[in-house]
Amino acid sequence: MKALLTRTLSLALLAASPLALTACAESNAQEADRFAKVEIKTEKLGDGIAVLFGAGGNIGVSYGPDGTVLIDDQFAPLTPKIQAAVAALGAEPVKYLINTHWHYDHTGGNENFGKAGALIMAHDHVRERMMGTQKSGNGNDPASPKEALPVVTYHDGLKLHLNGDEVHVKHMKHAHTDGDSIVFWKKTNVLHMGDLYFNKVTLPFIDLNSGGNARGVLAAAEKALTMVDDNTKIIPGHGPMATKADLMGYRDMMKSVIGAVEKARGEGKTLEQIQAMKPAAQWDTNKDAFIKGDAFVEAVYKSLETPPHKEGEHQH
């Protein structure tokens, strides 16, 4: 069942990519054909830093004399194209790989890069879910092969001193999942948000079965906004590059919808009654979005049924 959920999720998120690929109950041959048509597009963001757009989660690349750092790696069939895009930047093969969370459209290439010698890093819960050892909710079944697993894991975060920059990796508690990280390059002023931020392509996906919670997504946006300025280049998990103003709009949307659902729940309204109120309507504008208004409102409603997690709690 978990394997089915993982596959369904990965294909659904593929559909939410900027290429608007759709794949659900299709054969492996058709799926392979789709990946064959995917083009990896590169956008340079500064000296030694770029973003790659393809299918699945957006990829951050940091490169220079200390080696190449990759943030997420999309789907396994795309690894050769991703490696070619990295080489085209003049960068060495990937030495370090950071996963922003466990979902397959962000970790699908792990095994390939791990076998090629990359050191994989992620939050503790990413390794647990990829190993299928998490105590509740979704995980890989069967477990990911050893080469795909994060070797360096952390609870709160870590700092890398590479290529003349400080790379700050910070865990954001119970948000999109229970293992989300954001990655901030201090000198080049670039922030990778992973799926804590879906920019313009869909309403947020909150994976409740992986420990996600709408309040955590809002808290992560608030935290990120304290780290950025008007010149920061923000890489969302899905969608085009963003600015601080864009992220502020996303924060305001989360605040508005959570507030409306919370108020209506307090008045005793049911989920169906709240969905009928359409509190997310003004942002529910993409007819091809992976997450539409009713699904988002349901995730917010169910998030509010869960007691907020206390600071420092390590919940699975």
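Since we're looking at a predicted model, the values are computed, not measured.

### Structural notes on the overall build of the chain
Helices and strands together make up the secondary structure of the chain, namely 10 helices and 12 strands. Taken across its 316 residues, the chain has 54% of its residues classed as buried. Pairs at least 24 residues apart make up 64% of the contacts formed inside the chain by residues separated by at least 6 positions. Accessible area of the chain: about 13,300 Å², with a carbon and sulfur share of 53%.

### Thoughts on helix H10 (residues 293-305)
Taking 1.5 Å per residue, 13 residues should reach 18 Å; H10 reaches 19 Å between its end C-alpha atoms and fits that length. Taken together, the buried positions of H10 are Gly 293, Phe 296, Val 297, Ala 299, Val 300, Tyr 301, Ser 303 and Leu 304. Against helix H7 (214-227), helix H8 (244-266) and helix H9 (271-277) lie the buried residues of H10.

### Side note on the packing of H8 against H10
Between H8 and H10, whose axes approach to 10 Å, the crossing angle comes to 65°. Classified by chirality, the crossing of H10 by H8 is right-handed. Here Met 253, Met 254, Val 257, Ile 258, Val 261, Glu 262 and Arg 265 of H8 lie close against H10, whose contacting residues are Phe 296, Val 297, Val 300, Tyr 301, Leu 304 and Glu 305. Considering only residue class, the contact of H8 with H10 consists of 10 nonpolar, no polar and three charged.

### Focus: the sheet that holds strand S11 (residues 190-192)
The strand order across the open sheet formed by five strands is S8-S9-S10-S11-S12, and the pairing between neighbours is mixed. Single-partner strands in this sheet number two, and they are strand S8 (157-162) and strand S12 (233-235). Shown here is a sheet whose adjacent strand axes are inclined to one another by a mean of 15°, direction ignored. Across six bridges, strand S9 (residues 165-172) lies against strand S10 (residues 180-185) in antiparallel orientation. The residue of S10 that forms the bridge with His 168 is Phe 184.

### A look at the sheet that holds strand S4 (residues 68-71)
Ordered in space as S1-S2-S3-S4-S5-S6-S7, the seven strands form an open sheet in which the pairing is mixed. Lying at the two open borders of the sheet, with one neighbouring strand each, are strand S1 (41-46) and strand S7 (152-154). With strand direction ignored, the average angle separating the axes of adjacent strands in the sheet is 20°. Examined bridge by bridge, S4 and strand S5 (residues 94-98) share four bridges and lie parallel to one another. Looking across to S5, one finds that Leu 70 is bridged to Leu 97. Strand contacts of helix H6 (residues 124-131): strand S6 (119-123) and S7, with the helix running at about 105° to S6, the strand carrying the most contacts.

### Digging into the nonpolar core
Membership of the largest hydrophobic core comes to 41 residues, with the highest contact counts inside it found for Met 193, Leu 247, Met 254 and Phe 296. Among the secondary structure elements, those contributing two or more residues to this core are S10, H7, H8, H9 and H10. If we skip the residues at most four places from it in the chain, Met 254 touches Pro 204, Ala 214, Val 217, Leu 218 and Phe 296. Core analysis: the next-biggest nonpolar cluster, separate from the first, contains 22 residues, Leu 52, Val 61, Tyr 63 and Ala 91 among them.

### Things to note about unusual backbone geometry
Most peptide bonds are trans, and most residues other than glycine sit at a negative phi. Following Asp 141, the chain continues into Pro 142 via a peptide bond in cis, with omega recorded as 5°. At Lys 278, a residue that is not glycine, the phi angle is positive and equals roughly 55°. Within the secondary structure, Lys 278 sits in the loop between H9 and H10.

### Focus: helix H3 (residues 79-88)
For H3, the set of buried residues is Thr 79, Ile 82, Ala 85 and Val 86. For H3, the buried positions fall inside an angular range of 125° around the axis, keeping them on one side. For H3, the exposed residues lying more than 90 degrees away from the buried face are Pro 80 and Ala 88. Here the buried face of H3 lies against S1, strand S2 (49-53), strand S3 (59-62), S4 and helix H5 (110-115).

### Focus: the packing of aromatic side chains
This structure, assessed with the given rule, holds four aromatic pairs. Pairing Phe 75 with Tyr 104 gives two aromatic rings, centres 6.3 Å apart and planes at 65°, and the pair type is edge-to-face. Taken together, the residues span a long stretch of sequence, with Phe 75 in the loop between S4 and H3 and Tyr 104 in helix H4 (residues 104-107) at a distance of 29 residues. Look at Phe 75 and you get buried, because its relative accessible area is 3%.

Cut-offs and rules
- For every chain, the first residue of the written sequence is number 1, and numbering continues from 1 onward in sequence order.
- Owing to the predicted nature of the model, reporting of local features is limited to residues with pLDDT of at least 70; listing and counting of side-chain atom pairs is limited to 80 or more, with chain, interface and lining totals taken over all residues.
- Computation of side-chain values covers all heavy atoms of the structure but excludes hydrogens and water.
- Put simply, DSSP H or I for four residues or longer makes a helix, DSSP E for two residues or longer makes a strand, and each gets a number counted from the N terminus.
- For each residue, the accessible area found with a 1.4 Å probe, counting protein chains only, is set against the maximum for its type, and the residue is called buried under 20%, exposed over 50%, and partly exposed in between.
- Should any heavy atoms of two residues lie within 4.5 Å, those residues are considered in contact.
- Accessibility throughout is a Shrake-Rupley quantity obtained with a 1.4 Å probe, and a residue counts as covered only by protein chains that appear here.
- Here a helix's expected span is defined as the number of its residues, less one, multiplied by 1.5 Å.
- Whenever a helix is involved, its axis is fitted only over the stretch in contact; in every case the axis is a line through C-alpha atoms, and angles between N-to-C directions fall within 0 to 180 degrees.
- Crossings are classed by handedness, with left-handed meaning an anticlockwise turn of the near helix from the far one by less than a right angle and right-handed meaning a clockwise turn.
- Any residue outside Ala, Val, Leu, Ile, Met, Phe, Trp, Tyr, Cys, Pro, Asp, Glu, Lys and Arg is labelled polar, Gly included; the first ten of those are nonpolar and the last four are charged.
- Pairing between two strands requires that DSSP report at least two bridges joining them.
- By nonpolar core we mean a set of buried residues, namely Ala, Val, Leu, Ile, Met, Phe, Trp, Tyr and Cys, connected to one another through side-chain atoms within 4.5 Å.
- In this context, the arc is that of the directions from the helix axis out to the C-beta atoms.
- Between rings of Phe, Tyr and Trp, where Trp is taken as its six-membered ring, a pair exists when centres lie within 6.5 Å; planes separated by under 30 degrees are stacked, by over 60 edge-to-face, and by other angles tilted.

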